[in-house]
Amino acid sequence: MPDMITVSDDLTFALTNRFFSYVFRVSPEGILEHLHYGGPLCEPLDVAVHHIRTQRSVASTFQGGHYFSLGDTPQEFPSFGTSDYRFPALHGRNSDGNTIFSLRHKSHEIVTRKPRLKRLPSARGGSCETLIITLEDPLHKLEVELLYTIYAEQGVLVRAAKFSNCGEKEIQLQHAFSSALDLPQDDYEILHLHGTWAREFNEERIDMPKGRFVVDSARGTSSAAHNPFLALLQKGTTEDFGRVYATTLIYSGNFALSVERGEFEDVRLLAGINPFNFHWRLKPGKTFCTPEALHVFTDGGLRAMSHIWHDFVREKITPKRFKDTPRPTYLNTWEAAYFDVDEDKVLALADKATDIGVDMLVLDDGWFEGRRDDTSSLGDWVADAARFPSGIPSLARRVKEKGLKFGIWFEPEMVNPKSALFEAHPEWILHVPGRTPSLGRNQLTLDLSRNDVVEYLFSQIDAILSCGDIDYVKWDMNRHMTEVGSADLPRNRQREVSHRYILGLYKLLKRLTKKYPNVLFENCASGGNRFDLGMLSFMPQGWVSDMCDPVGRLEIINGASYLYPLDTTAAYIGPSPNHQNGRVSSVQTRFLAGVFCAARGISLNEADIAEHYDELIAWMDFAKKSGADMVGGRFDRLIRNGNEVCWQYTTQDKRTVYVAYFHILSAPNLPFRRARLVGLEPHADYMLVEDGARYKGDALMQNGLPMPYVSTDQVRDTVRYMEKGDFSSYLFTFKRG
Ligand code: GLA
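What you see is a predicted model, and the numbers here were worked out from it, not measured in a lab.

1. A few points about the pattern of salt bridges
Opposite charge on two side chains permits pairing when their charged atoms draw close.
Phase 1: Here the structure, examined in full by the defined rule, presents 50 salt bridges.
Phase 2: Among the ionic contacts, a cluster of salt bridges with common partners joins D84, R86, D182, D266 and R268.

2. Here's the deal with the site of the ligand
Phase 1: Around the ligand sit 13 residues in total, of which D364, D365, R441, K474 and D546 are the nearest.
Phase 2: K474 places a polar side-chain atom, nitrogen or oxygen, 2.7 Å from an oxygen atom of the ligand.
Phase 3: D546 is positioned with one of its side-chain polar atoms (N or O) 2.6 Å from an oxygen atom of the ligand.
Phase 4: Taking 310 Å² as the accessible area of the ligand by itself, protein coverage stands at 96%.
Phase 5: In terms of residue class, the shell around the ligand is built from four nonpolar, three polar and six charged.

3. Here we look at the nonpolar core
Phase 1: Residues F77, F163, L232, W367, I392, F406 and F596 are the most contacted members of the largest nonpolar core, which totals 165 residues.
Phase 2: At nine residues, the largest contribution of residues to this core is made by helix 7 (residues 497–515).
Phase 3: Not counting chain neighbours up to four residues away, the residues in contact with I392 comprise L363, W367, A383, F406, I408, I464 and I470.
Phase 4: Residues V158, F229, I317 and L536 belong to the second largest nonpolar core, which totals 34 residues.

4. Details of the layout of surface pockets
Where empty space is left becomes clear once a probe the size of a water molecule has been rolled over the atoms.
Phase 1: Put simply, the largest pocket is a space of about 820 Å³.
Phase 2: Along its surface, the largest pocket is lined by 36 residues, and P121, Y506, K510, T513 and F538 are the ones closest to its centre.
Phase 3: Elements that contribute at least two residues to the lining of the largest pocket include exactly helix 1 (301–317), helix 6 (451–465) and helix 7.
Phase 4: Per-element tally for the lining of the largest pocket: the top contributor is helix 7, with eight residues.
Phase 5: In terms of residue class, the lining of the largest pocket is built from 17 nonpolar, seven polar and twelve charged.
Phase 6: Considered as a void within the structure, the second largest pocket measures approximately 480 Å³ in volume.
Phase 7: Contributing to the lining of the second largest pocket are 26 residues, with H50, P74, L183, P184 and Q185 lying nearest its centre.

5. Details of the sheet that holds strand 21 (residues 330–332)
Phase 1: The eight strands are arranged 21-22-23-26-27-28-29-30 in a closed barrel whose pairing can be described as parallel. Ignoring which end each strand starts from, the neighbouring axes of this sheet average 30° apart.
Phase 2: In terms of strand pairing, strand 29 (residues 569–573) meets strand 30 (residues 599–602) through four bridges, oriented parallel. When the bridges of strand 30 are listed, Y572 appears paired with G601.
Phase 3: In this fold helix 3 (residues 343–356) packs onto strand 21, strand 22 (360–363) and strand 30, with an angle of close to 150° to the strand it touches most, strand 22.
Phase 4: Contacts from helix 4 (residues 391–401) reach strand 22 and strand 23 (405–410) within the one sheet, and its direction differs from that of strand 23 by about 145°.

How each quantity is defined
- Each chain carries its own residue numbering, running from 1 in the written order of its sequence.
- Totals for whole chains, interfaces and linings use all residues, but because this is a predicted model, local features are given only for residues with pLDDT of at least 70 and pairs of side-chain atoms are given and counted only at 80 or more.
- Calculation of side-chain values draws on the structure's entire complement of heavy atoms; hydrogens and water are dropped beforehand.
- When a carboxyl oxygen of Asp or Glu lies within 4 Å of a side-chain nitrogen of Lys or Arg, that pair is called a salt bridge.
- Any residue with at least one heavy atom within 4 Å of a molecule or strand is counted as near it.
- Contacts described as polar in this section are N or O atom pairs within 3.5 Å, which, within protein, must combine one atom able to donate a hydrogen with one able to accept it, while residues neighboring in sequence count only if both atoms come from side chains.
- Each accessible area is a Shrake-Rupley result for a 1.4 Å probe, and residues are judged covered by the shown protein chains and nothing else.
- Gly falls in the polar group here, along with every residue not listed as nonpolar (Ala, Val, Leu, Ile, Met, Phe, Trp, Tyr, Cys, Pro) or charged (Asp, Glu, Lys, Arg).
- To form a nonpolar core, buried Ala, Val, Leu, Ile, Met, Phe, Trp, Tyr and Cys residues must be joined to one another through side-chain atoms within 4.5 Å.
- Exposure categories follow from relative accessible area, calculated using a 1.4 Å probe and restricted to protein chains: below 20% of the type maximum is buried, above 50% is exposed, and the middle band is partly exposed.
- Here a helix means four or more residues in a row that DSSP labels H or I, a strand means two or more in a row labelled E, and each is numbered from the N terminus.
- We call two residues contacting when some pair of their heavy atoms lies within 4.5 Å.
- Of the two site types, the cavity is a set of points on a 1 Å grid over the protein atoms alone where a 1.4 Å probe fits but cannot get out, and the pocket is an open set with protein on both sides within 12 Å along at least five of seven lines, each lined by residues with an atom within 4 Å of a point.
- Grid points are joined across faces, edges and corners, and a volume is the space filled by probe spheres set on the points.
- Two strands pair under a simple rule: DSSP has to find at least two bridges between them.
- Throughout, an axis means a line fitted to C-alpha atoms (over the contacting stretch in the case of helices), and angles, computed between N-to-C directions, take values from 0 to 180 degrees.

In structure tokens, the structure reads:
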């Protein structure tokens, strides 16, 4: 492995691989000054210092200097109050009671590994190097370690910060961002993903405003309102053109991604824990670690950005055990029966599942003591005695005797006021003295910052998983947090609760997934309300949304795919009319909207299954046969224009290429659309499986593939037609010769 990190005698640091160069230096004042983040440079240590030291009217000059203001200096880890007025990466209260910190370079070290963070998930190592820069505030003895990891074969730069109190008095942290990126002036747009329940991952693109633009969460989960993702795009960036700086975090709680365009058009991007409502007491001798922030640069547009993220998430984030492992097809009981489940019904659905050839039966909500609707029982994780008299282990065994796998739903972090657990431990919920806790879906949030709660949850889930017949767990979490306080912490640590909650959650997940490495865990939070790389570090896949209408789902998958490879997602054929928006659509379109998700299944009742029996058998057979294809391949967005969507999926071995096309609203006399495929071998033959027609790779990429035509009249057999009417879909399968 060549040295990816180089350092000059006068302390310029360069990180370079084939994807990017990242360069900064120690300024004469000891400040870390950012110099370059962009395409790879052959002599990265020789980059010019663009920042001009000059007199500016009204500028405050830094601590005795004449021409040097931090206010317009690009920095690696800025603080506030010493001539920089922009939002800082570090802010807090020192032992003198003021908020002025001034960090200077103290030392640095290069290691050929990736350090892990205490109590937080972190990206795996491999062929990588890490630069550790130690900064210090000599007055208050605060040390900040900045960690930068670069990989030989990945386009992601990983950053984190560790704050250590080396003094004798307490320091209080308020802004403890993971990374700061000060970029030079450019004509940027911002791309981010926003939403709400059943409408997650909507894409918004805006011109970068002057001032500050923030996507964040104060809800306790990373949330559907803003996924922890933000990209700065060169204006006009498309799928295959443009400079892109994209960022995410390995974190599942309150985060912030803040972009600030300063008075001289400079741009500061901060990524980390949301400073709003955050406060951490750092006692002498203690260290606080931030979550990891991940950065991507590419000048190849959004497609290249997504390829970099997808490769990284698979290689360095999601559990190795399930990498390239085909996921079982399944029948989930939720939209088939909701809370109306019992042993007989589950066994009858299991028979249906066997008949239509799916691999697994998933028992969703409703199986535990007293749970007949969403008003009670969360917290009491024992099978309902009346409806599941023989218990879960016996049911699991009987389902498995039918040749199926068995999966089960939990919502471990929650408790209903109407439950035995709440009666026994009312102090175990997040709450504050003197206030009635607000409910969400009739439930309260357990205080996972407490060790006893984490221990209890481990033992409850362990009691069920230890039967050995559970193959899959859907881990749900269905409310935002309110009255966030803990009976277990002193008054002056109450603002640490949100972060401590996430640390408790990670501890629980780490223990369970370590004890049950072969159980497939699926992350869910009312769909995509906590879909992030923190959760994906423990669970290989997630339920990306409760929206199962195919039209709604197309948008969601499109948005999610900017960052997440689709082998982290699950999808099922739900009922029609759809239960979320009432839309009527075909089984085919419902299936194809999720065709490139790794985990595919159905959630239909017996009558729906009977009505579409043959079609379901055919699609589940396709899902099973293509299961291995849908892990590790390349997903590409080809068309998205409001009424049409076209996606390409190329398998890992590049031998099979799928193209899915969706036409939303029908109309007469439409234009003929074609999709230009990507990433094929120009000289290879690609055979279209349905009719044996052969196309050269270059023709499909340059000349394109004619999309099927939606018409009220299907008149010519030389034209490929789709189903008539609205919400049509089509799937091409090519085999490389
Ligand atoms: C959430 C999930 C659904 C289902 C229900 C059960 O809404 O997103 O898929 O599991 O909970 O209550």
